[in-house]
Amino acid sequence: MTTPRTAARLDGIPPTIFSTMSALAVRTGAVNLGQGFPDEDGPPEVIAAAVRALQSGANQYAPGIGTPALRQAVARHQQRHYGLQLDPDSQVVVTTGCTEGIASALLGLVDPGDEVVVLEPYYDSYVAMIQMAGGVRRPVTLRAPDFRLDLDELRAAVTSRTRFVLLNSPHNPTGTVLTRAELEAVAELAVDRDLVVITDEVYEHLTFGTDHVPMATLPGMAERTLTLSSAGKSYSFTGWKVGWATGPASLVGAVLAAKQWLTFTSGAPLQPAVAAALDEHPDFPTTLAAELREKRDLLCDGLEKIGLRGRPPEGTYFATSDITDLGWPDAMAFCLALPERAGVVGIPTQVFYDDPDAGRQLVRWAFCKRREVIEEAVSRLGAADLSYG
Ligand SMILES: *Cc1c(COP(=O)(O)O)cnc(C)c1O
């Protein structure tokens, strides 16, 4: 028989950089500022709620659309924070993390040949899922050092085949929080060209003094915006994989139509726990953001002192530095050498671009770690010889 091969729909999609870099971290005993997961858990009461759910029989399939309690809690969350009114029975669907929200949205909405305008550097699952859906990505680059949205570039990316804009704000990996003016420009374009906006807002609460404006709150946008979020980032439960998609019933219905054939239903005992998190711990994410802001400063100040320049991020888990001042032409080589040289792992941002030159010199560091871990990383970087060659 001929050797089975991976389907063409996955052509050109490499294994994620995180497997490579995390393996390198383990092998060298390096401090891992690569992958974005916190090293402290979310509220213990929420964990207790999950344990109670496990012990009281919430162990069989939940409804595909999500448990009523969680859908209602998500609707209350959108109302409380943003004044958005949602019908929990038709405008909210629970997903297996935002990752499944992204997959279901793209598989449920994008037809082959449809163009999707998407911010670059990308969150890596966007590339894979647009391609698996048969769509065509049209990148708009957030360029160093400020990583703002270039509105001319945005408008130029829209063609007669464009049907979607896939946004992410607060943006991973750059830490950009789109301003109201930037979002208004996207909204104007969406209305003008009859586009649907799919917006990944998993870092909605993790901003550092800049307000997050949900796209769905802009005039005329609620009816054409599908919003994706998750408990993972807001509540430091990235391993739980409980997310949600909200928006008009037609868009939510498309997500559900695809989701039912992916996972059918998401983790039953975690849904009531996440409902309790949203309802009973509404301030946890704000406290988390304040802690992250201090960690951001600790990391960015430390990096700056050793010649790793970068604009402090406005939100998310991540800071980006430019290695040009250290004399390195390519951050991939730098990141591959760094675990041996300094005992630290960072991610070369170029892997998140179609145009690697736009991110050639950039490294992404996660600061969602305990202070001691960040201090250790900075001190190791400061003590190491980071010069090129
Ligand atoms: C972490 C992350 C996700 C995935 O969220 P899960 O709930 O863990 O699936 C989606 N989008 C962005 C931008 C992220 O950083």
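Being a predicted model, the structure only gives us computed values, none of them experimental.

So, how was this worked out
Residues numbered from 1 in each chain as written. Predicted model: local features only at pLDDT ≥ 70, side-chain atom pairs only at ≥ 80, totals over all residues. Heavy atoms only, no water. Phe/Tyr/Trp six-rings, centres within 6.5 Å; stacked < 30°, edge-to-face > 60°. Buried < 20%, exposed > 50% of the residue type's maximum accessible area, 1.4 Å probe, protein only. Helix = DSSP H or I, 4+ residues; strand = E, 2+ residues; numbered from the N terminus. Polar contact = N/O pair within 3.5 Å; in protein donor to acceptor, adjacent residues only side chain to side chain. Contact = heavy atoms within 4.5 Å. UniProt positions renumbered as here; feature names shortened; annotations may be inferred. Near = heavy atom within 4 Å. Areas by Shrake-Rupley, 256 points an atom, 1.4 Å probe, with all protein chains shown as cover. Nonpolar A, V, L, I, M, F, W, Y, C, P; charged D, E, K, R; others polar. Pairing = 2+ DSSP bridges. Axes fitted to C-alpha atoms, helices over the stretch in contact; angles between N-to-C directions. Arc of directions from axis to C-beta.

Time to look at the packing of aromatic side chains. For the coordinates displayed, the defined rule picks out 11 aromatic pairs. Their ring planes at 10° and their centres at 4.0 Å tell us that phenylalanine 237 and tryptophan 240 sit as a pair that is stacked. With a centroid separation of 5.3 Å and 80° between ring planes, the pair formed by tryptophan 328 and phenylalanine 334 is classed as edge-to-face. By relative accessible area, which is 7% here, tryptophan 328 ends up buried. Here phenylalanine 334 falls in the buried class, since its relative accessible area comes to 1%. Three or more aromatic residues joined by ring pairs form one cluster here, namely Tyr203, Tyr317 and Phe318.

As a further point, take the side chain of glutamate 314. Looking at the element boundaries, glutamate 314 is found in the loop between α11 (284-305) and β9 (318-322). You can call glutamate 314 buried: its relative accessible area is 18%. Of the polar contacts made by the side chain of glutamate 314, one reaches the side chain of arginine 148; its length is 3.0 Å. If sequence neighbours within four positions are ignored, glutamate 314 has contacts with Arg148, Gly175, Thr176, Val177, Thr207, Phe208 and Thr210.

Right, let's get into the UniProt feature "domain: Aminotransferase class I/classII large" (unreviewed entry) in the protein chain. As annotated by UniProt and renumbered to match this structure, "domain: Aminotransferase class I/classII large" (unreviewed entry) occupies residues 31-381. Across residues 31-381 one finds 41% helix and 15% strand; the C-alpha atoms that close the span lie 10 Å apart.

Turning our eyes to something else, we now look at the site of the ligand. Neighbouring residues of the ligand: 13 residues in total, closest Thr99, Asp200, Tyr203, Ser230 and Lys233. Separating a nitrogen atom of the ligand from a side-chain N or O atom of aspartate 200 is a distance of 2.5 Å. Its free accessible area being 380 Å², the ligand has 94% of it covered by the protein chains. The element best represented in the shell around the ligand is helix α4 (residues 97-109), accounting for four residues. By residue class, the composition of the shell around the ligand is five nonpolar, five polar and three charged.

Before going further, it helps to examine the sheet that holds strand β7 (residues 225-230). Strand order in the open sheet made by the seven strands is β2-β8-β7-β6-β5-β3-β4, with mixed pairing throughout. At either end of the open sheet lies a strand with only one pairing partner, and these are β2 (92-95) and β4 (136-141). In this sheet, neighbouring strand axes are inclined to one another by 20° on average, regardless of whether the strands run parallel or antiparallel. Strand direction decides the pairing type here: strand β6 (residues 196-200) and β7, joined by four bridges, are parallel. Of the residues in β7, the one forming a bridge with valine 197 is threonine 225. On top of the sheet, α4 reaches β2, β5 (162-168), β6, β7 and β8 (243-246); it is set at about 155° to β7, its chief contact. Contacts from helix α9 (residues 249-262) reach β2, β6, β7 and β8 within the one sheet, and its direction differs from that of β2 by about 30°.

Attention now moves to helix α12 (residues 331-342). Helical geometry note: an α-helix holds 3.6 residues per turn, so side chains three or four residues apart project in the same direction. By the burial criterion, the buried members of α12 are Ala331, Phe334, Cys335, Leu338, Pro339 and Ala342. Buried residues of α12, seen end-on, are gathered within an arc of 135° and therefore sit on one face of the element. If you follow the buried residues of α12, they end up packed against α1 (17-28), β10 (344-345), β11 (347-348), β12 (362-366) and α13 (371-383). Where α12 terminates, the next one or two residues include glycine 343, which has phi positive at roughly 70°.

A separate point is the sheet that holds β12. The strand order across the open sheet built from three strands is β9-β12-β11, with neighbouring strands paired in antiparallel fashion. The open sheet has two edge strands, β9 and β11, and neither has a second partner.

Next up on the list: the pairing of β2. Burial of β2 is two-sided: the residues Val92 and Val94 facing one way and the residues Val93 and Thr95 facing the other way are all buried. Sheet topology note: the β2/β8 ladder contains four bridges and is antiparallel. Its bridge partner lying in β8, valine 93 is registered against alanine 245.

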